[in-house]
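Residue-level structural notes
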Amino acid sequence: MNIQFVDICVGLSWGDEGKGKIVSQLSNQYDFVCRWAGGNNAGHTIYVNGNKYATHLIPSGVFHGIPSIIGPGCVVHKESFFDEINYLHKNGFNTKLVKISPKAHIITEEHIEEDKQKYNKVLGTTAKGIGTCYSDKYARKGIRVQDRKEEFKEFIWDEKLFGKVLCEGAQGFWLDIDYGNYPYVTSSSCLPHSACTLGFAPQKIRNIFGAVKMYDTRVGKDPDFPDDLLCNQELMTLAQEGNEYGTTTNRARLVNYLNLDKLISAIEVSGTTELIISKVDIVEKTNIFRYYYQDILHTVDTLQQMKDDIQEILYSNTSLLKNIIFSSNPEKI
């Protein structure tokens, strides 16, 4: 069987944009849900039948009975992977649907220790050995899943895709190794073109779903998100009402007003065709309607005016964007 088409869900900011909600709502339309990069340093929060679940590496398709692939560009910590498998099995999900590319690289305890010693405090990494594992991969001295086949035997992917494929991104555009505020970035590519490493041609890509919130958030160190943001009472109110804590790290996220200049760049470079802007209900609840455009902080009086401004600015400054959808908190489907 051939691949009919591929849709991709990508984060357009610094992660935590609600990609899990989007993938969860879309999954039933596809034959595969695939992850193309990163490791258990990222997380998706999923709501199924009113119940909340979280994964850090395993793609969201497993929650909907869809084969879920961890691609060759990912890195896998064995103990953490099996912890997730046990968590899913305990909650009644079919873990036989989960497969790992034999080309994915293995995170060792040495990688984690090196991360803790060298990078965690300096760069604000998650201390999960992600960057140090990728370092060994690109130094061509890494260990791959196929080198430990026996340990993963029931989960080895046959590297075949067919029908309709959905790819879910990890982190976000401004954490990309090339486009982010280097070195305060992740260690893999967050851009949708990297999904092709799963084994399909770029011509197969149909839609790119871009995810963002009505305000910006960031976990980890970054000079673009200085600590003095914590002194802004409005931003702290957004953080509190939006329950802004990282899915994987549970670290508090720094909050800033939505930056449309950065969003325009992310939409254009990523090729986003369908934009989903979530947590609209949070700005409505707080009555905080502000955004940056052309490096100026703009303030409007109503949610509708903010929506209208966003639509006008984005449609007039992007070339591939087709639709903008405003959405609420993840549990409010």
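Everything below is about the structure printed above this text.
Report follows, based on the coordinates. Everything quoted here is computed from the prediction, not taken from an experiment.

A word on the overall build of the protein chain
On a plain count of helices and strands, the protein chain comes out with 9 helices and 16 strands. Projected onto its principal axes, the C-alpha coordinates of the protein chain cover approximately 60 × 45 × 35 Å. Within the span of the protein chain, comprising 333 residues, buried residues form 54% of the whole. If you take every contact in the protein chain between residues at least 6 apart in sequence, the share linking residues at least 24 apart comes to 76%. With the model as given, the accessible surface of the protein chain reaches about 14,800 Å², and the carbon-plus-sulfur share is 46%. Counting 36 positive and 41 negative side-chain charges, the protein chain places the centres of these two groups 7 Å from one another.

What to know about the nonpolar core
If you look at the biggest cluster of nonpolar residues, it comprises 59 residues, and the most contacted ones within it are L161, C167, F200, L260, L263, L275 and L314. Apart from the residues within four sequence positions on either side, F200 is in contact with I3, V6, L161, C167, A195 and I205. Within the second largest apolar cluster, 21 residues are counted, among which are I46, I58, F63 and F155.

Examining the sheet that holds strand β15 (residues 296-299)
In spatial order, the strands read β11-β12-β14-β15; together these 4 strands make up an open sheet with mixed pairing. At either end of the open sheet lies a strand with only one pairing partner, and these are β11 (215-218) and β15. With strand direction ignored, the average angle separating the axes of adjacent strands in the sheet is 45°. By the bridge criterion, 4 bridges tie β11 to strand β12 (residues 254-259) in an arrangement that is antiparallel. Residue pairing across strands places T217 opposite V255, the latter belonging to β12.

Quick notes on unusual backbone geometry
With omega at 5°, the peptide bond leading from Y182 into P183 counts as cis. Residues other than glycine seldom take positive phi values, yet E159 does so here, at roughly 65°. As for its placement among the helices and strands, E159 is situated in the loop between α5 (130-138) and β9 (163-168). Exposure remark for E159: the relative accessible area of 36% places this residue in the partly exposed category.

Some thoughts on the packing of helix α3 (residues 109-118) against α5
Where α3 meets α5, the closest approach of the two axes is 7 Å, and the angle between their N-to-C directions is 120°. When the axes of α3 and α5 are compared, the pair comes out oblique. The chirality of how α3 crosses α5 is right-handed. Residues H111, I112, E114 and D115 of α3 form the contact with α5, whose participating residues are I130, T132, C133 and D136.

Here's the deal with the packing of aromatic side chains
All chains considered together, the criterion is met by 15 aromatic pairs. Geometrically, the ring pair formed by F63 and F93 is edge-to-face, given 5.0 Å between the ring centres and 85° between the ring planes. Of this pair, F63 sits in the loop between β4 (51-55) and β5 (68-70) while F93 sits in the loop between α2 (78-90) and β7 (98-100); the two residues are 30 residues apart in sequence, bridging distant segments of the chain. Taking relative accessible area as the criterion, F63 reaches 5% and is therefore assigned buried. On the numbers, 5.1 Å between centres and 75° between planes, the contact of F81 with F82 is edge-to-face.

Thoughts on a negative patch on the surface
Taken together, the side chains of E79, D83, E109 and E110 present a region of like negative charge at the surface. Going through the elements one at a time, α2 and α3 are the ones with two or more residues in the negative patch. Relative to the assigned elements, D83 resides in helix α2. Residue classification places D83 among the exposed residues on the basis of a relative accessible area of 53%.

A few points about the side chain of N259
Position of N259 among the secondary structure elements: in strand β12. For N259, the side chain forms a polar contact with the main-chain nitrogen of D261, separated by 3.0 Å. Filtering out sequence-adjacent residues up to four positions away, N259 remains in contact with D216 and Y292.

Thoughts on helix α7 (residues 260-270)
The complete set of buried residues in α7 reads L260, L263, I264, A266, I267 and S270. Buried positions in α7, seen along its axis, are confined to an arc of 165° and lie on one side of it. On its buried face, α7 sits against β10 (205-213), β12, β13 (274-278), β14 (290-293) and α9 (303-317). The backbone nitrogen of D261 lies 3.0 Å from a side-chain oxygen of the residue at the head of α7, namely N259. Count one or two residues on from α7 and you reach G271, which has phi positive near 80°.

Procedures and definitions
Every chain is numbered independently, its residues counted from 1 as its sequence is written. Per-residue local features of the predicted model are confined to residues with pLDDT of at least 70, and side-chain atom pairs are confined, for both listing and counting, to 80 or more; whole-chain, interface and lining totals are unaffected and use all residues. As a rule here, side-chain values come from all non-hydrogen atoms in the structure, and water together with hydrogens is ignored. Working definition: helices are DSSP H or I runs of at least four residues, strands are E runs of at least two. Numbering for both runs from the N terminus. Only protein chains enter the accessibility calculation, which uses a 1.4 Å probe; a residue is then buried when its area is under 20% of its type maximum, exposed when over 50%, and partly exposed in between. We call two residues in contact whenever any of their non-hydrogen atoms come within 4.5 Å of each other. Accessible areas in this description were obtained via Shrake-Rupley with a 1.4 Å probe; residue shielding takes into account the shown protein chains only. Only four residue types enter the charge count, namely Lys and Arg as positive and Asp and Glu as negative; His and the chain termini do not. One atom stands in for each charge, and that atom is NZ of Lys, CZ of Arg, CG of Asp or CD of Glu. Only buried residues count toward a nonpolar core. Its members are Ala, Val, Leu, Ile, Met, Phe, Trp, Tyr and Cys residues joined through side-chain atoms within 4.5 Å. Pairing between strands requires that DSSP locate at least two bridges from one strand to the other. Here an angle of 0 to 180 degrees is reported between the N-to-C directions of two axes, which are lines fitted to C-alpha atoms, with helices fitted over the stretch in contact. Here is the rule for angles: anything less than 35 degrees is roughly parallel, anything more than 145 is roughly antiparallel, 65 through 115 is roughly perpendicular, and the remaining ranges are oblique. With the far helix as reference, a near helix turned anticlockwise by less than a right angle produces a left-handed crossing, and one turned clockwise produces a right-handed crossing. Only Phe, Tyr and Trp rings take part, Trp by its six-membered ring, and two of them pair if their centres are within 6.5 Å. Stacked means planes under 30 degrees apart, edge-to-face means over 60, and tilted covers everything else. Patches were defined on residues exceeding 30% relative accessible area and lacking a salt bridge, with like-charge contacts within 9 Å and nonpolar side-chain contacts (Val, Leu, Ile, Met, Phe, Trp, Tyr) within 5 Å. Criterion for a salt bridge: a side-chain nitrogen of Lys or Arg within 4 Å of a carboxyl oxygen of Asp or Glu. A 3.5 Å cut-off defines polar contacts: any pair of N or O atoms within that distance qualifies, except that in protein one atom must be a possible hydrogen donor and the other a possible acceptor, and neighbouring residues in sequence count only when both atoms are side-chain atoms. The arc in question is formed by the directions pointing from the helix axis toward the C-beta atoms.

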